[in-house]
Amino acid sequence: MLRQAAWRALGTRVDLLVLDGDLVAARSAVEALLDEVDRTYSRFRPDSELMIVQQQAGHPTPVSPLLWQAITTAMTVAYETGGAVDPTVGHAMRVIGYDRDLAAVLAAQPDRSRNDVVIELAPIPGWQGIRLDARERTVRIPRHVELDLGSSGKALAADLAVEVAMREGHATGALVGLGGDIATAGTAPDGGWRILATEDSATPAETDGEVVAIEHGSLATSGTTVRRWRSADGIERHHLVDPATGASVIGPWRTVSIVAGTCVEANASATATIVLGAGGLRWLADRDLPARLVGTDGAITRIGGWPDPNVQPGPAYAPLLELDREAALAAEPLGAH
Amino acid sequence: MTPDLRARTNRRTEATQRRAELTAATAVIGIVATAGFGWLAAETYAGTPKADTSGSTNSTTTVPEATQPSTVTNPYYGGSTNDGTTRNRSGSSSSGSSISGSSSSGITRGTGRAHVSSGSS
């Protein structure tokens, strides 16, 4: 039996689905985990461990296992994406105005462009300057470098949450969605985990649209259309920063959804595709991941086996049907129905 | 048979013998190399019980050079966990940390109402 709960945490909507398990126990465990995530690496809490470690910039600083995992995950993502998704965007984020919870940012934003305000954008410092010591579990962040683990951090939280949901809920299958970052584990319900592919994770699941089903793995979406605000100079910004400029990315893709083995991998690939701009599609195609890309003009591109809702799935001998439907039906293998 | 012809015959016999030796040696080397490669693959494949799990988190200092972060294996990037075990989740890669077609998630067109929605947040 599939049971479902939803609530808010980490500034976004949390969806929890548990198959043949204890939903209450699973939810309790996921809530505890997300609370720990918030206390550990939130950029918007001055008392978070990340912000305290940040104050020790320039010195090797011991960190908790969870912060260690979040930072090493972010470093791995940066390496694997060639720096397209880099945790050292914290300062750039602050410069363009995303230094508080989005609701607070929106409440304080100017209502028009302001010529009298100039903000100084600069390339981000780069993840290569961060030093890790696994034996001592210490991190040394260079001076004047600010980390933002938001991109990989939320996806990591989804990956971790689905595991605790499975374990504590004694479930045969589970799904955790954190604002569009969806991780699954165990067995999927009949017909798979059905996910509505949208540009805004706040879209109700029952809305008509493109639904895909996955048997396992994760699906994550990155985009530039939702988290937007006006910075102090009145220019509209979004939260995906181009490492080369420190400004919000301008490119051909506005939303990218990707299916991968883990949510971190899916999220990193989706974000990198947008950040890489014109080269994003080729970069992604080389990775052979199912993906749905929405261009800035609204056109949708599907690659890597992402199903096209406009094409009826056919049997393996579908090409024959185009040539001779009757002959193909006569040759239909036994037990096909 | 002239001496010249006899010498030529002897050289031909020696060459034939040499070729047979080389063929046998090559076959032996090939068998040994194949077996050795198989053994190496089996020993280094992280998904087998033989995989060396001694390289735990506390035994090594990793990522001293920021340009080589891949020395920190990350289970959430399709790699292995810090204790050397592979992540027990279908669809994740056990081949390392690179982004590649590791999903094989059986993505299909969904039928019926969606359980959740995915979008930017």
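Up top is the structure these notes are about.
Throughout what follows, the structure given in this document is the object of discussion.

## Brief notes about the overall build of chain B
Turning to step 1, where the next piece is worked out: For chain B, the helix and strand inventory stands at 1 helix and 2 strands.
Turning to step 2, where the next piece is worked out: Along chain B, from the amino end to the carboxyl end, the secondary structure elements read α-β-β.
Turning to step 3, where the next piece is worked out: Relative to its full complement of 121 residues, chain B shows a buried share of 27%.
Turning to step 4, where the next piece is worked out: Across chain B, every contact between residues at least 6 apart in sequence was considered, and the portion connecting residues at least 24 apart equals 38%.

## Comments concerning the overall build of chain A
Turning to step 1, where the next piece is worked out: Within chain A one finds 10 helices and 15 strands.
Turning to step 2, where the next piece is worked out: In terms of C-alpha radius of gyration, chain A reaches 22 Å, essentially the compact-globule figure of 20 Å for 337 residues.
Turning to step 3, where the next piece is worked out: Taking the principal axes of its C-alpha atoms as reference, chain A extends roughly 75 × 50 × 40 Å.
Turning to step 4, where the next piece is worked out: Burial analysis of chain A (337 residues in total) assigns 50% to the buried set.
Turning to step 5, where the next piece is worked out: Pairs at least 24 residues apart make up 64% of the contacts formed inside chain A by residues separated by at least 6 positions.

## Quick notes on unusual backbone geometry
Residue and element names in this part refer to chain A.
Turning to step 1, where the next piece is worked out: With a phi angle near 55 degrees, aspartate 20 is a residue other than glycine that sits in the positive phi range.
Turning to step 2, where the next piece is worked out: One can find aspartate 20 in the loop between strand 2 (12-19) and helix 1 (23-41).
Turning to step 3, where the next piece is worked out: Positive phi is not limited to glycine here, since arginine 137 has a value of about 50 degrees.
Turning to step 4, where the next piece is worked out: With respect to the helices, strands and loops of the structure, arginine 137 is situated in the loop between strand 4 (131-133) and strand 5 (138-140).

## What to know about the pairing of strand 1 (residues 2-9) of chain A
Residues and elements named next belong to chain A.
Turning to step 1, where the next piece is worked out: Relative to strand 2, strand 1 is paired through 8 bridges, and the arrangement is antiparallel. Note on strand 2: the bridge partner recorded for alanine 6 is aspartate 15.
Turning to step 2, where the next piece is worked out: Between strand 1 and strand 2, which pair antiparallel and follow one another directly, the connecting turn spans 2 residues, one of which, leucine 10, has a positive phi of 55 degrees.

## Details of the nonpolar core
Residue and element names in this part refer to chain A.
Turning to step 1, where the next piece is worked out: Core analysis: the biggest nonpolar cluster contains 99 residues, and Ala161, Ala165, Ala174, Val176 and Ile195 have the highest contact counts within it.
Turning to step 2, where the next piece is worked out: The leading source of residues in this core is helix 6 (residues 150-169), at 10 residues.
Turning to step 3, where the next piece is worked out: Sequence-distant contacts of alanine 165, that is, excluding residues within four places in its chain, are made with Leu16, Val18, Ala26, Ala29, Val30, Ala171, Ala174 and Val176.

## Some details on the sheet that holds strand 9 (residues 210-214) of chain A
Turning to step 1, where the next piece is worked out: Across the sheet, which stays open at both edges, the 4 strands sit in the order 1(B)-9(A)-8(A)-2(B) with mixed pairing between neighbours. Sheet topology places strand 1 (108-109) and strand 2 (116-120) of chain B at the edges, where each strand pairs with a single neighbour.
Turning to step 2, where the next piece is worked out: With 4 bridges joining them, strand 8 (residues 193-200) of chain A and strand 2 of chain B adopt parallel strand pairing. Within strand 2 of chain B, the residue paired with isoleucine 195 of chain A across the bridge is valine 116 of chain B.

## With respect to the packing of helix 1 of chain A against helix 6 of chain A
All names here are of chain A.
Turning to step 1, where the next piece is worked out: Viewed as axis vectors pointing N to C, helix 1 and helix 6 meet at an angle of 150 degrees, and their least axial separation amounts to 8 Å. When the axes of helix 1 and helix 6 are compared, the pair comes out roughly antiparallel. With respect to the hand of their crossing, helix 1 and helix 6 are arranged in right-handed fashion. For the pair helix 1 and helix 6, the contacting residues are Leu23, Ala25, Ala26, Ala29, Val30, Leu33, Leu34, Val37 and Tyr41 in the first and Gly153, Ala157, Leu160, Ala161, Val164, Ala165, Glu168 and Gly169 in the second.
Turning to step 2, where the next piece is worked out: Taken together, the residues that form the contact of helix 1 with helix 6 break down as 14 nonpolar, 2 polar and 1 charged.

## Looking at the packing of helix 6 of chain A against helix 7 (residues 263-275) of chain A
Residues and elements named next belong to chain A.
Turning to step 1, where the next piece is worked out: Axis separation between helix 6 and helix 7 bottoms out at 8 Å; the angle between their running directions is 155 degrees. Comparing their axes, helix 7 and helix 6 come out roughly antiparallel. The handedness of the crossing between helix 6 and helix 7 comes out as right-handed. Each of Ser151, Ser152, Ala155, Leu156, Ala158 and Asp159 in helix 6 lies in contact with helix 7, whose residues at this interface are Cys263, Val264, Asn267, Ala268 and Thr271.
Turning to step 2, where the next piece is worked out: Of the residues belonging to the contact of helix 6 with helix 7, the class tally is 6 nonpolar, 4 polar and 1 charged.

## Brief notes about the environment of glycine 217 of chain A
Turning to step 1, where the next piece is worked out: By the secondary structure assignment, glycine 217 of chain A is in the loop between strand 9 and strand 10 (218-223).
Turning to step 2, where the next piece is worked out: Expressed as a C-alpha distance, the spacing of glycine 217 of chain A and threonine 184 of chain A, which sit 33 residues apart in the sequence, is 5.8 Å.

## Focus: the environment of lysine 154 of chain A
Residue and element names in this part refer to chain A.
Turning to step 1, where the next piece is worked out: Mapped onto the elements, lysine 154 comes out in helix 6.
Turning to step 2, where the next piece is worked out: For the pair lysine 154 and histidine 91, spaced 63 residues apart in sequence, the C-alpha to C-alpha distance is 19 Å.
Turning to step 3, where the next piece is worked out: Leaving out residues up to four positions away in the same chain, lysine 154 has contacts with Leu10, Leu178, Gly179 and Asp181.

## A short note on helix 3 (residues 65-80) of chain A
At 3.6 residues per turn, the α-helix brings residues three or four places apart onto the same side.
Turning to step 1, where the next piece is worked out: Its 16 residues give helix 3 of chain A an end-to-end C-alpha distance of 22 Å, which sits within 8% of 22 Å, the value for a rise of 1.5 Å per residue.
Turning to step 2, where the next piece is worked out: One or two positions beyond helix 3 of chain A, positive phi appears at glycine 82 of chain A, with a value near 65 degrees.

## Structural notes on helix 1 of chain A
All names here are of chain A.
Turning to step 1, where the next piece is worked out: With 19 residues, helix 1 should reach 27 Å at 1.5 Å per residue; the first-to-last C-alpha distance of 27 Å fits that figure.
Turning to step 2, where the next piece is worked out: Among the residues of helix 1, those classed as buried are Ala26, Arg27, Ala29, Val30, Leu33, Leu34, Val37, Thr40 and Tyr41. All buried residues of helix 1 lie within an arc of 165 degrees about the axis, which places them on one face of the element.
Turning to step 3, where the next piece is worked out: The secondary structure elements touched by the buried residues of helix 1 are strand 1, strand 2, helix 2 (49-54), helix 3, helix 6 and strand 6 (173-178).

Reading guide: rules and limits
Residues numbered from 1 in each chain as written. Chains lettered and ligands numbered in written order. Predicted model: local features only at pLDDT ≥ 70, side-chain atom pairs only at ≥ 80, totals over all residues. Helix = DSSP H or I, 4+ residues; strand = E, 2+ residues; numbered from the N terminus. Buried ≥ 20, exposed ≤ 12 C-beta atoms within 10 Å, placed from the backbone. Contact = placed C-beta atoms within 7 Å. Rg over C-alpha atoms; globule rule 2.2 N^0.38 Å. Pairing = 2+ DSSP bridges. Core = buried A, V, L, I, M, F, W, Y, C linked by C-beta atoms within 7 Å. Axes fitted to C-alpha atoms, helices over the stretch in contact; angles between N-to-C directions. Parallel < 35°, antiparallel > 145°, perpendicular 65-115°, else oblique. Left-handed = near helix turned anticlockwise from the far one by under 90°. Nonpolar A, V, L, I, M, F, W, Y, C, P; charged D, E, K, R; others polar. Expected span 1.5 Å × (residues − 1). Arc of directions from axis to C-beta.

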